[in-house]
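# Secondary and tertiary structure notes
The lines below spell out each chain.
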Amino acid sequence: MFDDPHKLYFCFDYISHNAYLAWKKIGALAQSHGLTLQPVPVLFAGLLQAHGQRGPAEVLPKSRWMIWNVLRKAKLHGIPIAPPYSHPFNPLLPLRASCVELAAEDQLKLVDRLFSATWAQGRAVHEEHVVAEVLAEVGLDAAAVLAQSRNDTVKASLRSNTEAALAAGVFGVPTMVVRHELFFGFDDLEYLARFLQGADPLGDRAAYADWLKVRPSAQRKSA
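### What about the overall build of the protein?
For the protein, the count of helices and strands is nine helices and four strands. Starting at the N terminus and walking to the C terminus, you meet the elements of the protein as β-α-β-α-α-α-α-α-α-α-β-β-α. Since a compact globule built from 223 residues should have a radius of gyration of about 17 Å, the 18 Å found for the protein is in line with a globular shape. Principal-axis analysis of the C-alpha atoms places the extent of the protein at approximately 55 × 45 × 40 Å.

### Thoughts on a nonpolar patch on the surface
On the surface, Ile67, Trp68 and Leu71 cluster together into a nonpolar patch covering about 310 Å² of accessible area. As for its position among the elements, Ile67 is in helix α3 (residues 60-77). Judged by its relative accessible area of 40%, Ile67 falls in the partly exposed class.

### Some details on the nonpolar core
Within the largest apolar cluster, 65 residues are counted, with the highest numbers of intra-cluster contacts made by Phe10, Ile26, Phe115 and Leu192. In terms of residue count, the dominant contributor to this core is helix α1 (residues 17-32) (eight residues).

### Regarding unusual backbone geometry
In this structure, the amide linkage connecting His87 to the following residue, Pro88, adopts the cis form with an omega of -5°. You can see Pro88 is positioned in the loop between α3 and α4 (92-99). Despite not being glycine, Arg179 has its phi angle at roughly 50°, a positive value. In this structure, Arg179 sits in the loop between β3 (175-178) and β4 (181-184). Despite not being glycine, His180 has its phi angle at roughly 65°, a positive value. Assignment of secondary structure puts His180 in the loop between β3 and β4.

### Details of the pattern of salt bridges
Taken as a whole, this structure holds ten salt bridges when the rule is applied. Among the ionic pairs, Asp187 bridges to Lys73, the shortest N-O distance being 3.7 Å. One end of the pair, Asp187, is in the loop between β4 and α9 (189-196); the other, Lys73, is in helix α3, and 114 residues separate them in sequence. The class of Lys73 is buried, set by a relative accessible area of 10%. As a salt-bridge pair, Arg123 and Glu133 come within 3.3 Å of each other at their nearest N and O atoms. Pair noted here: Arg123 is in the loop between α5 (104-119) and α6 (128-137) and Glu133 is in helix α6, with a separation of ten residues, a long-range link. Judged by its relative accessible area of 38%, Glu133 falls in the partly exposed class.

Definitions and cut-offs
- Residues numbered from 1 in each chain as written.
- Predicted model: local features only at pLDDT ≥ 70, side-chain atom pairs only at ≥ 80, totals over all residues.
- Heavy atoms only, no water.
- Helix = DSSP H or I, 4+ residues; strand = E, 2+ residues; numbered from the N terminus.
- Rg over C-alpha atoms; globule rule 2.2 N^0.38 Å.
- Patch = residues over 30% accessible without salt bridge, like charges linked within 9 Å, V, L, I, M, F, W, Y side chains within 5 Å.
- Areas by Shrake-Rupley, 256 points an atom, 1.4 Å probe, with all protein chains shown as cover.
- Salt bridge = Lys/Arg side-chain N within 4 Å of Asp/Glu carboxyl O.
- Buried < 20%, exposed > 50% of the residue type's maximum accessible area, 1.4 Å probe, protein only.
- Core = buried A, V, L, I, M, F, W, Y, C linked by side-chain atoms within 4.5 Å.

Here it is in structure tokens:
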């Protein structure tokens, strides 16, 4: 899935506020480097389960810290943001709607509007009538897209995206993949930009090979 060197792949789940912030910046970054932005809906819960992790919203001190962190970034970058309708929520319906086969421009518009509905307008995107409203707002046939989002092919597409992301080493959202290099989170946009400019501070990866040889001498027991 992530093999086209002319594409910038954006793995996301609407449940992530950092994915929303990154989405609002990634289009311009892709365009400035002549890359095609390819949204890849994935199920964040599936990534967490595969890696034995808990989500940030499940760790109260981390969740509270992230609120201020996200609000600071939104303010600094001039990105509209509002409290979500609920969090965490079940993102399956909007994710599946985003997996329906659409024209590339329509998919970009849909993803953008669903993100804004979630994180700038506080709308309940886990509810079918809200997704239908959003589909209509971007000029799509809401009934047709919702019907397709319920079929097995589209459900399998979301699972396939998540499995492909895991195979590529993705562990969270948002993750940006370009030329087999992974960049995670809003804060990694800076390093992604440097990479695309040919100014990656790491330069020759072979010089850091010893870092990949480090092994644990102690491990925390699972609960």
